[in-house]
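These are the residues of each chain, in order.
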Amino acid sequence: MTHAFRRRARTIADHTILISGSVLMCLPVYMLFAATTHAPGTPMLPRLDPGGALVANYSAFLSSSAGFSGDITVAGMLWNSLVLGTGFASLKVAVSLLAAYTLVYFRVKGASAIFAILLLTLMLPLESRFLPTYDVVAQLGLVNTEAGLIFPLVASGLGTLFFRQFLLTVPDVLLESARLDGAGSWKFFKDILMPLSAPTAAALFLVLFVNGWNQYLWPVMVTSEEATYTLVRGMQFFGRASLPGLMLAVLAILPPCLLVILFQRQVVKGLFDGSH
């Protein structure tokens, strides 16, 4: 009886700590959102009571022009951010999976040295290669383009590291069975490795999407036309304590938060569960 009571008390204490921590983390975001649901002219104070102007506020805000030239709307900046986050994450996952597949399953001369060089890219801050990268992008005529915004960010060894470590756990019997069935390298990759790698790819995609969505310095360097601005870049056009500024902050954090909340189990499973 005493043991059961202690276990129950410990469970209650653990849940109390988790709930308290969740409330403390989510409360500022909720207060920010609640402030944007009140009619314009209402004092922008921290508040817990939601207002009745949610649809009206965000409908007008999404269609409003931003910037000095008025060439971009808030909805346009939101779309540019989605393109950057999705394109960056998709290409990086694809390139990383192909690179890891090559390093693990092909007899590439100097594969260990190549992998070590890829790992060295993780030691360098992303910002340290922005200037030479910008020079290449400018020479290729990709400034103020979606390609110039996305492609330079794809080069990194992080995704290759995750996929390589996963592929090393794949039993060799799968490769032998595929060879006995007459499957070539591409068929083995497409029909066996890609489905097995789906959880890791999904988890990595979410992490990279958040990273791409939050990019600021590179979009500042490679985009000068306001029509190409992302949502994070467009924050400079709105006052931080104003209603538009608060709504822009909500829009900037909402998609990444929703993705992480909805797919957190897949993220944990894909990144830390080697059994899949």
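Residues numbered from 1 in each chain as written. Predicted model: local features only at pLDDT ≥ 70, side-chain atom pairs only at ≥ 80, totals over all residues. Heavy atoms only, no water.

Asks: Please give an account of the overall build of the chain that cites residues and values.
Replies: Each helix and strand counted, the chain has twelve helices and two strands in total. Tracing the chain from N to C terminus, the helices and strands come up as α-α-β-β-α-α-α-α-α-α-α-α-α-α. For a compact globule of 276 residues, the expected C-alpha radius of gyration is about 19 Å, and the chain comes in at 24 Å, more than 25% above that figure. Per-residue burial for the chain yields a buried fraction of 33% across its 276 residues. Across the chain, contacts joining residues at least 24 apart in sequence account for 69% of those joining residues at least 6 apart. Separation of charge centres in the chain, based on 17 positive and 13 negative side chains, amounts to 12 Å. (Helix = DSSP H or I, 4+ residues; strand = E, 2+ residues; numbered from the N terminus. Rg over C-alpha atoms; globule rule 2.2 N^0.38 Å. Buried < 20%, exposed > 50% of the residue type's maximum accessible area, 1.4 Å probe, protein only. Contact = heavy atoms within 4.5 Å. Lys, Arg positive; Asp, Glu negative; His and termini not counted. Charge placed at Lys NZ, Arg CZ, Asp CG, Glu CD.)

Asks: Explain a nonpolar patch on the surface residue by residue, including any values.
Replies: Side chains of Ile19, Val23, Leu27, Tyr30, Phe33, Leu48, Leu54 and Val55 sit close together on the surface and give an oily, nonpolar patch of about 700 Å² of accessible area. Going through the elements one at a time, helix 1 (2–35) and helix 2 (54–62) are the ones with two or more residues in the nonpolar patch. Considering every element that reaches the nonpolar patch, the biggest residue donor is helix 1, with five residues. Along the polypeptide, Leu27 turns up in helix 1. Judged by its relative accessible area of 34%, Leu27 is partly exposed. (Patch = residues over 30% accessible without salt bridge, like charges linked within 9 Å, V, L, I, M, F, W, Y side chains within 5 Å. Areas by Shrake-Rupley, 256 points an atom, 1.4 Å probe, with all protein chains shown as cover. Salt bridge = Lys/Arg side-chain N within 4 Å of Asp/Glu carboxyl O.)

Asks: Give a description of the environment of Ala147 that names residues and reports values.
Replies: Position of Ala147 among the secondary structure elements: in helix 6 (residues 146–154). Along the sequence, Ala147 and Phe88 sit 59 residues apart, while their C-alpha atoms lie 9.9 Å from each other. Look past the residues within four positions of Ala147 in its chain and what remains in contact with it is Leu142 and Pro152.

Asks: Give me the lowdown on the nonpolar core, citing residues and values where you can.
Replies: Of all hydrophobic cores here, the largest spans 48 residues; its most connected members are Val74, Met77, Tyr105, Leu167, Leu193, Leu231 and Phe238. It is helix 3 (residues 74–105) that provides the largest number of residues to this core, a total of twelve residues. Setting aside anything within four residues of it in sequence, one finds Phe238 in contact with Phe61, Ala66, Val74, Met77, Pro244, Gly245 and Leu248. (Core = buried A, V, L, I, M, F, W, Y, C linked by side-chain atoms within 4.5 Å.)

Asks: Got a sec to walk through the pattern of salt bridges? Specific residues and values, please.
Replies: Tallying each qualifying case throughout the model produces two salt bridges. Between Lys187 and Asp191 there is a salt bridge, with its nearest N and O atoms 2.8 Å apart. With Lys187 and Asp191 both in helix 9 (residues 185–213), this residue pair falls four residues apart, about one helical turn. Given a relative accessible area of 45%, Lys187 falls into the partly exposed group.

Asks: I'd love a proper account of unusual backbone geometry, names of residues and values included.
Replies: In this structure, Asn144 is a non-glycine residue whose phi angle is positive, near 60°. The topology assignment puts Asn144 in the loop between helix 5 (130–139) and helix 6. Residue class for Asn144 comes out buried when judged on its relative accessible area of 17%.

Asks: So, the confidence of the model for the chain: which residues are in play, and what are the values?
Replies: Per-residue pLDDT for the chain averages 84, and the proportion of residues at 70 or more is 96%. When pLDDT is averaged over each helix and strand of the chain, the minimum, 70, is found for helix 12 (residues 264–272) and the maximum, 91, for helix 3. (pLDDT = per-residue confidence, 0-100.)

Asks: I'd like to hear about helix 1, residue by residue, with values.
Replies: The end-to-end C-alpha distance of helix 1 is 48 Å, a good match for the 50 Å that 34 residues give at a rise of 1.5 Å each. At Cys26, helix 1 is deflected by roughly 35°, the largest bend along its length, and proline Pro28 occurs up to four residues later in sequence. (Expected span 1.5 Å × (residues − 1). Bend = angle between axes of the 7 residues up to and from the residue.)

Asks: Hey, could you go over the environment of Ala35 for me, with residue numbers and the actual values?
Replies: With respect to the helices and strands, Ala35 occurs in helix 1. By relative accessible area, Ala35 is classed as buried at 4%. The spacing of Ala35 and Ala60 is 25 residues in sequence and 16 Å in space, taken between C-alpha atoms. The residues contacting Ala35, other than those within four sequence positions of it, are Met44, Leu45, Arg47, Leu243 and Leu246.

Asks: With reference to specific residues and values, describe the packing of aromatic side chains.
Replies: In total, this model carries nine aromatic pairs according to the counting rule given. A ring pair is formed by Tyr101 and Tyr105, whose centres lie 5.6 Å apart and whose planes are at 40°; its orientation type is tilted. Residue Tyr101 and its partner Tyr105 are both found in helix 3; the two are separated by four residues, about one turn of the helix. Per residue, the accessibility class of Tyr101 equals that of Tyr105, and both read buried. Taken together, a centroid distance of 5.3 Å and an interplanar angle of 85° make the contact between Tyr101 and Phe106 edge-to-face. Clustering of aromatic rings is evident, with ring pairs tying together Tyr101, Tyr105, Phe106, Trp186, Phe188 and Phe189. (Phe/Tyr/Trp six-rings, centres within 6.5 Å; stacked < 30°, edge-to-face > 60°.)

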